[in-house]
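# Secondary and tertiary structure notes
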Amino acid sequence: MKAEPARTIAAIATPPGSGALGVIRVSGPDALAIAGGIVCVSAGDGLEGRPSRRLFSIRVHDPATSRTLDHGQAAIMRAPSSSTGEDVVELYLHGGWILLTSALRLLLERGACLAEPGEFTRRAFENGKIGLTQAEAVNDLIQATSEQGLVEASRQLDGSVHRRVEALAERLADLVSGLEAAIEFGEDVDIDAPSPGDVSDLLNGIERLVSSYEIGRILREGMRVVLAGRPNVGKSSLMNALLGTERAIVTPVPGTTRDLLEESLTIEGVAVRLIDTAGLAASSEPAEAEGIRRAEEALAAADVTVWVVDGSEPLRPEDARVAALLAGRDPVVAVNKTDLPVRVSREEITRLSPDRSLGEATFVSLSATSGDGLDRFRDRMAEKVRQALASPSREPGVSVNLRQKEALQRAGGALRLAMGTAEANGPLDCLLLDLRQALDALGEITGRVCPEDILSRIFNQFCVGK
């Protein structure tokens, strides 16, 4: 069956809204002809006669009416030396959204197709310009919410994960090809079956990559810091003080916060997702009970838990309930309201902990109202960030995302089966099957083996125009 000819696609590559500059991208076999139909080059030459990789002045007009839409600049990148591997034209116009959509409409009328989300990057992958992990890093780069997240995405774009996975895949492919030869030719070749040690070395490399996921998640999504405590201890006041704005409603009435409230700030160059929760206490009121349930869910998913205690009042049974929920979580204990007479000791708080694991460094005394102690609290949060990113086995710049982690885990599972077969001197056919499954799972990460549904899920997360 003859393959369908490649479409020429076009899209606005800058965000919606008004700005000084707007960019329209066109990619495909007819990019120059389609863009040339709405562009007049100031120097007098046609678009196809212009050199690649140089900016030149243009006038964009409607061919049907000869009406000028805008004056701007354009650049041509011819195949295969372009970002997508195809002929690419980029138009740099003024950033009015009506203007850009009007110019895009003219391109579509002349035969271009509106690009799907991530289609430019997908074409770069399909044409061998970048690997699949690098394509995913493009989206991470766009979505980066912190300086450290940006640095990590840049390293991924340079191919740090791709190189590690490819190295493992090459070693595994050598084992597979040798085993295939041993099975096919039997005694005619002098090739030993893979040893348990060979498989174990590969498995260790895969497990190191799997362990990098949590650090990568924090750098991509931000570290989840949950403020927890009984009602009216000052969780919302602490959130407002850290943000420097009145984000959460604060009243003297217990139970003001009934839902999760999330805002972001940056600590140590890492995005921190600060989550205020409903006060943890028994309640039969439906809305309040739902807020408590959501608070408990947030606690279960937290990277760091901050237990806020009212230092101006004696401890209550509700505080003991909070302590039980936080058992084994190594919380930071923020003893709030120190601008008032202190009526609770650290020893009393520690005795509430079921495992008595709260150490001296865990406590920070502060007043969310006056600001006293907030700097010490920020220092404690910075320490938590550093601890979360510390991993002696992780190579800087190498961290996998959830899709890559799941593929690595499948590869690891297949290798464990292979190691068991090798240790038991089991059938070579079974060993080969397990090794091939592991190799295919690694191929899903790099894109060497990747079903259409996986590619669609990856690139549908991108914005249109990228």
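You'll find the structure just up there.
This write-up is about the structure you can find in this document.

Conventions used here
- Numbering of residues starts from 1 in every chain and runs along the sequence as written.
- Given that the model is predicted, a residue must reach a pLDDT of at least 70 before its local features are reported, and side-chain atom pairs must reach 80 or more before they are shown or counted; all residues, however, enter totals for whole chains, interfaces and linings.
- For the side-chain quantities, the full set of heavy atoms in the structure was used; hydrogens and water were omitted.
- Secondary structure is summarised from DSSP: a helix means a run of H or I of at least four residues, a strand means a run of E of at least two, and numbering begins at the N terminus for each.
- Burial status follows relative accessibility: with a 1.4 Å probe on protein chains alone, a residue under 20% of its type maximum counts as buried, one over 50% as exposed, and anything between as partly exposed.
- Two residues qualify as a contact provided that any one of their heavy atoms is within 4.5 Å of a heavy atom in the partner residue.
- In protein, a polar contact means a hydrogen-donor-capable atom and an acceptor-capable atom, both N or O and within 3.5 Å, with residues adjacent in sequence counting only if both atoms are side-chain atoms; elsewhere, any N or O pair within 3.5 Å suffices.
- At least two bridges found by DSSP between two strands is the condition for calling them paired.
- Only C-alpha atoms enter the line fits that serve as axes; for helices the fit covers just the stretch in contact. Angles between N-to-C directions range over 0 to 180 degrees.
- Just so you know how the angles are binned, under 35 degrees is roughly parallel, over 145 roughly antiparallel, 65 to 115 roughly perpendicular, and the rest oblique.
- Computed over the protein atoms alone on a 1 Å grid, cavities are sets of points where a 1.4 Å probe fits but cannot get out and pockets are open sets with protein on both sides within 12 Å along at least five of seven lines; a residue lines them when it has an atom within 4 Å of a point.
- Grid points are joined across faces, edges and corners, and a volume is the space filled by probe spheres set on the points.
- Just to be clear on terms, a salt bridge is a Lys or Arg side-chain nitrogen sitting within 4 Å of an Asp or Glu carboxyl oxygen.

What follows deals with the overall build of the protein. The helix and strand tally for the protein stands at 16 helices and 13 strands. Sorting the 466 residues of the protein into buried and exposed places 49% on the buried side. Relative to all contacts within the protein whose residues are 6 or more apart in sequence, the contacts with residues 24 or more apart total 68%.

Moving on, we come to the side chain of S212. Take S212: it is sitting in the loop between α7 (196-211) and α8 (213-221). The exposure class assigned to S212 is buried, which follows from its relative accessible area of 2%. At a separation of 2.6 Å, a polar atom in the side chain of S212 contacts the main-chain carbonyl oxygen of L209.

Moving on, we come to unusual backbone geometry. Most peptide bonds are trans, and most residues other than glycine sit at a negative phi. The omega angle of the peptide bond from A79 to P80 is 0 degrees, so this bond is cis rather than trans. Within the secondary structure, P80 is located in the loop between β5 (67-77) and β6 (88-93). Look at E268: it is not a glycine, yet its phi comes out positive at around 55 degrees. Positionally, E268 belongs in the loop between β9 (261-267) and β10 (270-276).

A few words now on the sheet that holds strand β8 (residues 223-228). Strands sit in the order β9-β10-β8-β11-β12-β13 across an open sheet of 6 strands; the sheet is mixed. Every interior strand has two partners, whereas the edge strands, β9 and β13 (363-365), have only one. Between one strand axis and the next, the sheet turns by 25 degrees as a mean value, whatever way the strands run. Where β9 lies against β10, 7 bridges are found, and the strand directions are antiparallel. In the strand pairing of β10, E263 is matched with L274.

This paragraph deals with the packing of helix α9 (residues 235-243) against helix α13 (residues 374-389). Where α9 contacts α13, the axes come no closer than 11 Å and their chain directions differ by 85 degrees. For the element pair α9 / α13, the angle class is roughly perpendicular. Listed contacts from α13 to L238, A241 and L242 of α9 are L374, F377 and R378.

Take the layout of surface pockets next. Volume-wise, the largest pocket comes out at about 580 Å³. Taken together, 26 residues form the lining of the largest pocket, with E136, N401, L402, R403 and Q461 sitting closest to its centre. Of all the secondary structure elements, the ones that give two or more residues to the lining of the largest pocket are α4 (132-143), α5 (147-157), α8, α14 (402-423) and α16 (452-459).

Take the pairing of β10 next. Where burial is concerned, most of β10 is hidden: 7 out of the 7 residues are buried. Here β10 shows no split at all, with V270, V272, L274 and D276 on one side and A271, R273 and I275 on the other all buried. Where β8 and β10 come together, 5 bridges link them in parallel fashion. Counted as the bridge partner of L227 is D276 from β10. Counting the residues in the hairpin turn of β9 and β10 gives 2 residues, including E268, whose phi is positive at 55 degrees.

What follows is about the sheet that holds strand β2 (residues 22-27). With mixed pairing, the 7 strands of this open sheet are ordered in space as β3-β4-β5-β6-β2-β1-β7. Both outer strands of the open sheet, β3 (39-41) and β7 (113-114), are each paired with one neighbouring strand and no more. The pairing of β3 with strand β4 (residues 56-62) spans 3 bridges and is antiparallel. Pairing of V41 across the sheet is with I58, part of β4.

Before going further, it helps to spend a moment on the pattern of salt bridges. Considering all chains together, one arrives at 23 salt bridges under this definition. Across the salt bridge formed by E214 and R217, the nearest N and O atoms sit 2.9 Å from each other. Of this pair, E214 and R217 both sit in helix α8, separated by 3 residues, roughly a single helical turn. Across the pair R378 and D375 runs a salt bridge whose closest N-O atoms are separated by 3.3 Å.

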